[in-house]
Structure formats: structure tokens, C-alpha cells
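Summary of the model geometry
Take a look at the letters that make up each chain.
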Amino acid sequence: MNVSRNFLLLGSAFLFVGILMGMYMGGSGNHSLALSHAHINLLGFVLSAVFALTYKAYPVMTEGRLASIYFWLHFVGAVMVNLLVFLLLAQIITEAAMVPIAPLSELLVLLGILAFGWNVIKNAH
Ligand code: HEM
Ligand code: HEM
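In this report, the structure presented in the accompanying data block is examined. (Residues numbered from 1 in each chain as written. Chains lettered and ligands numbered in written order. Predicted model: local features only at pLDDT ≥ 70, side-chain atom pairs only at ≥ 80, totals over all residues.)

**A short note on the overall build of the protein**
Counting its regular elements, the protein contains four helices and zero strands. Ordered by position from the N terminus, the helices and strands of the protein form the series α-α-α-α. For the protein, with 125 residues in total, the buried portion stands at 29%. In the protein, once contacts between residues fewer than 6 apart in sequence are set aside, the share between residues at least 24 apart is 76%. (Helix = DSSP H or I, 4+ residues; strand = E, 2+ residues; numbered from the N terminus. Buried ≥ 20, exposed ≤ 12 C-beta atoms within 10 Å, placed from the backbone. Contact = placed C-beta atoms within 7 Å.)

Below is the structure:
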């Protein structure tokens with residue numbers, strides 16, 4: 001798997017959705033989705049872009065399975081977290097309905113960060 005390219009593709013998809021949402025907020029004057037917009041752009045795009053560039057800077061980090069494990073954890077976790085935050089702010093679901101899927105999605109993001117951190121400690125010299 002080309003992890004760097006996959007992170008760039010994932011990040012670009014998030015950025016597209018995040019900017020569309022920003023344009024909607026700016027145009028409508030309804031800023032109630034601001035936190036969703038922020039996390040789509042930051043957790044979705046900025047983090048993915050940073051990871052893509054890190055893997056380019058340290059190609060040795062892409063050897064072995066940690067990088068692709070991390071990609072899938074971030075992919076599923078970040079998509080789920082962002083979807084749930086959007087549904088909450090758009091008042092489609094309640095906070096109570098987010099349990100236990102929201103903490104589980106956050107856990108995936110967190111486990112991904114641990115895999116990334118471990119990879120950095122082992123390989124990014
Ligand atoms: C054309 C592109 C964009 C438009 C039109 C746009 C528009 C907006 C609007 C209308 C708000 C709400 C402001 C408020 O109520 O305080 C906002 C908030 C925000 N935007 Fe954007 N945005 C854009 C791109 C981005 C990008 C690329 C990022 C990050 C990489 C970003 C990060 C944020 C953050 C962190 C907030 C604050 C959320 C909060 O209220 O806590 N935005 N944006
Ligand atoms: C699973 C990961 C994450 C979770 C569960 C999470 C959760 C939250 C929560 C609960 C808030 C406060 C919402 C409120 O004020 O009502 C928040 C705000 C915010 N988070 Fe995150 N966050 C995550 C990842 C990130 C990342 C990776 C970034 C940046 C790279 C980020 C940037 C921000 C910013 C800029 C704010 C808004 C601060 C403000 O305007 O008050 N978050 N986040």
C-alpha cells in the first residue's frame with residue numbers, strides 16, 4: 001500500500017467536504033456546524049497531510065505493517081468521529097445516541113496515534 005498517497009487522497013476528500021461546509025456557513029450565516037467543519041478540516045485534512053509528508057520524509061516508516069495499520073485506524077476513526085459530530089450538530093442524532101459508537105471511534109483514532117508514535121520511536125531517526 002502507498003500509505004503516503006492514501007493519506008493525501010483521504011485528506012483531500014476531507015478538505016473538499018470541509019470547505020464546502022465552510023462555504024455553506026459563510027453563505028448562510030448559520031455557523032452552527034463550525035465545530036464539525038473545524039474537525040473535518042483539522043482531524044481529517046491537516047492530520048492526514050502531516051502523516052503523508054512524514055511518511056515521505058521517513059520512507060523507512062512505511063516498511064512493515066505499522067503504517068498501513070495506522071492508515072486504516074485513522075481512516076475509519078476519523079470518518080466515524082466526523083460523521084457523528086456532524087449528525088449531532090445538525091440535530092439528526094442526540095448526544096445519548098452517540099454512545100458507545102463515538103467513544104469507540106475516538107478509540108480507533110487514539111490507537112492509530114499510538115501506532116504512529118510507536119513507528120516514529122522505532123524508525124524516524
Ligand atoms: C473556503 C474555505 C473556508 C471557509 C469558507 C470557511 C468558513 C468558516 C466559517 C464561516 C467558520 C465559522 C466562524 C465562527 O462562527 O466563528 C469557520 C470556522 C473555522 N474554520 Fe473554516 N472555512 C474555510 C476553510 C477552513 C480550513 C481549510 C480550515 C483548517 C485547515 C478551517 C478551520 C476552521 C476552524 C478551526 C474554525 C473554528 C471552529 C470553531 O468555531 O471552533 N477552515 N470557517
Ligand atoms: C478524536 C479526536 C478529537 C476529538 C474527540 C475532539 C473533540 C473536541 C471537543 C469535544 C471540542 C470542544 C467542543 C466545544 O467547544 O463544544 C473540540 C474543540 C476543538 N478541537 Fe477537537 N477533537 C479531536 C481532534 C482534534 C484535532 C486533531 C484537532 C486539530 C488538529 C482539533 C482541534 C480542535 C479545535 C480547533 C477546537 C475548537 C476550539 C474552540 O474554538 O473552542 N481537535 N474538540
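Don't stop here, the text continues.
**Points about the site of ligand 2**
If you check the shell around ligand 2, you find Leu 35, Ala 38, His 39, Leu 42, Leu 43, Val 46, Leu 47, Val 81, Glu 106 and Val 109 and nothing else. Listed by contribution, the elements that provide at least two residues to the shell around ligand 2 are helix 2 (34-57) and helix 4 (101-123). Of the residues forming the shell around ligand 2, the biggest block, seven residues, is contributed by helix 2. (Near = placed C-beta within 6 Å.)

**Thoughts on the packing of helix 2 against helix 3 (residues 66-89)**
Here helix 2 crosses helix 3 at 170°, and the two axes come no closer than 9 Å. Regarding the angle of helix 2 to helix 3, the classification is roughly antiparallel. Each of Leu 35, Ser 36, His 39, Ile 40, Leu 43, Gly 44 and Tyr 55 in helix 2 lies in contact with helix 3, whose residues at this interface are Ala 67, Ala 78, Val 81, Asn 82, Val 85, Phe 86 and Leu 89. (Axes fitted to C-alpha atoms, helices over the stretch in contact; angles between N-to-C directions. Parallel < 35°, antiparallel > 145°, perpendicular 65-115°, else oblique.)

**Points about the nonpolar core**
Counting residues in each nonpolar core, the largest one holds 18 residues, and the members touching the most others are Val 3, Phe 7, Phe 51, Tyr 55, Ala 67, Tyr 70 and Phe 71. Of all the elements in the fold, those that place two or more residues in this core are helix 1 (3-28), helix 2, helix 3 and helix 4. If one sorts the elements of this core by residue count, helix 2 sits on top with six residues. Leaving out residues up to four positions away in the same chain, Tyr 55 has contacts with Val 3, Ser 4, Met 61, Thr 62 and Ala 67. (Core = buried A, V, L, I, M, F, W, Y, C linked by C-beta atoms within 7 Å.)

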